[in-house]
Amino acid sequence: SVSQNKLVERCERLQLQSAAISRHVDEVLPAKDQGVLSAASAARELVIQRLLLVGKACENEEQRLLERVHAEEERAHQSILTQQVHWTEALHKLGALRTYLVDVITNLDDQSLLRAEQEIFERTEVAEGILEPQESLKLNFNQTCVQSPLLHRLWACAVLCCLTGSQEIHIDEKTLSPHLSLSEDKRTLTFSPKKAKVDSDCPERFDHWPNALATAPFNSGVCAWKVSVEQSCAYKLGVCYSSVPRKGSANEGRLGFNAASWVFSRYDKEFRFLHAGQPQPVELIKAPAEIGVLLDFAGGELLFYDPDSCAILFSHRVAFLEPVYPVFAVAHQSISL
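Residues numbered from 1 in each chain as written. Predicted model: local features only at pLDDT ≥ 70, side-chain atom pairs only at ≥ 80, totals over all residues. Heavy atoms only, no water.

Caption draft 1: Quick look at the nonpolar core. Residues Leu 189, Trp 225, Leu 237, Phe 304, Phe 320, Phe 328 and Ile 335 are the most contacted members of the largest nonpolar core, which totals 48 residues. It is strand β12 (residues 325–330) that contributes the most residues to this core, 5 residues altogether. Those residues within four positions of Ile 335 in sequence are excluded, and the remaining contacts are Arg 187, Thr 188, Leu 189, Val 227, Ser 228, Val 229, Ser 232, Tyr 235, Leu 237, Phe 328, Ala 329 and Val 330. Counting residues in hydrophobic clusters, the runner-up holds 7 residues, among them Val 159, Leu 160, Ala 224 and Leu 294. (Core = buried A, V, L, I, M, F, W, Y, C linked by side-chain atoms within 4.5 Å. Buried < 20%, exposed > 50% of the residue type's maximum accessible area, 1.4 Å probe, protein only. Helix = DSSP H or I, 4+ residues; strand = E, 2+ residues; numbered from the N terminus. Contact = heavy atoms within 4.5 Å.)

Below you can see the structure in the form of structure tokens.
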């Protein structure tokens, strides 16, 4: 009797279990499938709507910027034409005056020359009012006409999103400060207060300040790299010429304190852009966990970007005169490419 009761209970449990599974197969899964189809359809529609909106915004911005470029081109062109007319007339006046003076010197005797003195003075006085041409910004194309926060942010985001599959940047071990150690994949720099035993006579090595360079420079195109900085509260990221000072403890060897380096700097809660010893403060609500560095070599722009918030942290325009290397400094914990 006890065994029969147990078997009956087991049969009832199996029946209930089967009913639950049948209900799951017949009702729950089809409803889930329908829900997935509906959610996917809504997601596609959302993607399409948002991309259409972005595309429309880009088209409007394109039209606005192209109109501004055209207007600036016309303005500069008209300024140049006006100058051409003005200076052509000035040349004509000066040429006529010179011809008149040569004629006076050649054909008039002394008495006639004295009698014509007043006329000569009045004629030559015209030349005094013609000044020599001066450089004028009105004759140059004003590049600020293409400034656009929308285009700037979308461009930076698009470049940094295309990093996958691009050439990797590695840190040059020969340049490594004795205060830094490099991971095996040559992409993580770790700071140590104690100097390591290294060949400090190596000409490429930074022998005092905790700096390091990448293995290869950039000299054309658009280049970008991301650096994880969430472990460190003291670092510098940017670019420099190969001529950046590497020896000694003087300020010249600090990144951003010489004319050969451009860096974004963090020290505790202070963020700055540094170049040639002239810091520019950067106001941030929170410290970024990752920083994208974007270099437009031909366009002459160095840009620092927060991929998480899609915010441009700082942008600096400079005409680079020679190839530049990605450069790093770490004075607390570690950073990783």
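This is not the end of the story, as more comes after the structure.
Caption draft 2: Examining helix α1 (residues 2–107) more closely. Compared with an ideal rise of 1.5 Å per residue, which puts 106 residues at 158 Å, α1 spans 149 Å between its outermost C-alpha atoms and is within 8% of the ideal. Buried within α1 we find Glu 61, Leu 65, Glu 72, Ala 76, Ser 79, Ala 90, Leu 97, Tyr 100 and Val 104. Tucked inside the fold, the buried residues of α1 contact α2 (110–115), α3 (117–128) and α4 (149–161). (Expected span 1.5 Å × (residues − 1).)

Caption draft 3: Just the pairing of strand β10 (residues 301–306), in detail. Counting buried positions over the 6 residues of β10 gives 6, a clear majority of the element. Burial of the side chains of β10 extends over both faces: Glu 301, Leu 303 and Tyr 305 are buried on one face and Leu 302, Phe 304 and Asp 306 on the other. What sits between the antiparallel neighbours strand β9 (residues 290–296) and β10 is a turn of 4 residues, in which Gly 300 has the positive phi angle 70 degrees. (Pairing = 2+ DSSP bridges.)

Caption draft 4: How the structure looks around unusual backbone geometry. Positive phi outside glycine occurs at Ala 276, with the angle close to 55 degrees. Tracing the chain through its elements places Ala 276 in the loop between β7 (270–275) and β8 (280–281). With a relative accessible area of 35%, Ala 276 lands in the partly exposed category. Of note in the backbone geometry, Gln 333 takes a positive phi value of approximately 55 degrees without being a glycine. Structurally, the position occupied by Gln 333 is in the loop between β12 and β13 (334–336).

Caption draft 5: Representation of the packing of α1 against α3. Across the interface, α1 lies against α3 with an axial gap of 9 Å and an inter-helix angle of 150 degrees. When the interaxial angle is binned, α1 and α3 end up roughly antiparallel. Crossing angle aside, the handedness with which α1 passes α3 is left-handed. Contacts between α1 and α3 involve Lys 93, Leu 94, Leu 97, Tyr 100, Leu 101 and Val 104 on the former and, on the latter, Glu 119, Ile 120, Arg 123, Thr 124, Val 126 and Ala 127. Split into classes, the residues belonging to the contact of α1 with α3 amount to 8 nonpolar, 1 polar and 3 charged. (Axes fitted to C-alpha atoms, helices over the stretch in contact; angles between N-to-C directions. Parallel < 35°, antiparallel > 145°, perpendicular 65-115°, else oblique. Left-handed = near helix turned anticlockwise from the far one by under 90°. Nonpolar A, V, L, I, M, F, W, Y, C, P; charged D, E, K, R; others polar.)

Caption draft 6: Spotlight on the packing of aromatic side chains. One pass over the full model with this rule turns up 8 aromatic pairs. Ring plane angle 35 degrees and centroid distance 5.6 Å describe the contact between Phe 264 and Phe 304, whose orientation is recorded as tilted. Taken together, the residues Phe 264 in strand β6 (residues 261–267) and Phe 304 in strand β10 connect sequence positions 40 residues apart. Across the pair, Phe 304 and Phe 264 agree in class, each one buried. By relative accessible area, Phe 304 is classed as buried at 0%. One aromatic cluster is present, formed by Phe 264, Phe 271, Phe 273, Phe 304 and Phe 314 through successive ring pairs. If you follow Arg 254 out to its NZ or CZ, it ends over the ring of Trp 209, 5.2 Å from the centre. Geometry around Phe 257 places Arg 254 over its ring, the cationic atom sitting 4.0 Å from the centre. (Phe/Tyr/Trp six-rings, centres within 6.5 Å; stacked < 30°, edge-to-face > 60°. Lys NZ or Arg CZ within 6 Å of the ring centre and 35° of its normal.)

Caption draft 7: The arrangement of the side chain of Ser 265 in detail. On the secondary structure map, Ser 265 appears in strand β6. Not counting residues within four places of it along the chain, the set of residues in contact with Ser 265 comprises Tyr 235, Lys 236, Glu 270, Phe 271, Arg 272 and Leu 274.

Caption draft 8: Structural view of the pattern of salt bridges. Here the structure, examined in full by the defined rule, presents 7 salt bridges. Its salt-bridge partner being Glu 72, residue Arg 75 comes within 2.7 Å of it at the nearest N-O pair. Residue Arg 75 and its partner Glu 72 are both found in helix α1; the two are separated by 3 residues, about one turn of the helix. Given the relative accessible area of 10%, Glu 72 is considered buried. A salt bridge links Glu 301 to Arg 317; the nearest nitrogen and oxygen atoms lie 3.4 Å apart. Of this pair, Glu 301 sits in strand β10 while Arg 317 sits in strand β11 (residues 311–317), and the two are 16 residues apart along the sequence. The exposure class of Glu 301 is buried, given its relative accessible area of 7%. (Salt bridge = Lys/Arg side-chain N within 4 Å of Asp/Glu carboxyl O.)

Caption draft 9: Representation of the environment of Glu 62 in the model. With respect to the secondary-structure elements, Glu 62 resides in helix α1. We classify Glu 62 as partly exposed; its relative accessible area is 47%. Counting along the chain gives 29 residues from Glu 62 to Asp 33, while the straight-line C-alpha distance between them is 42 Å.

Scope: geometric values only; no functional claims are made or implied.
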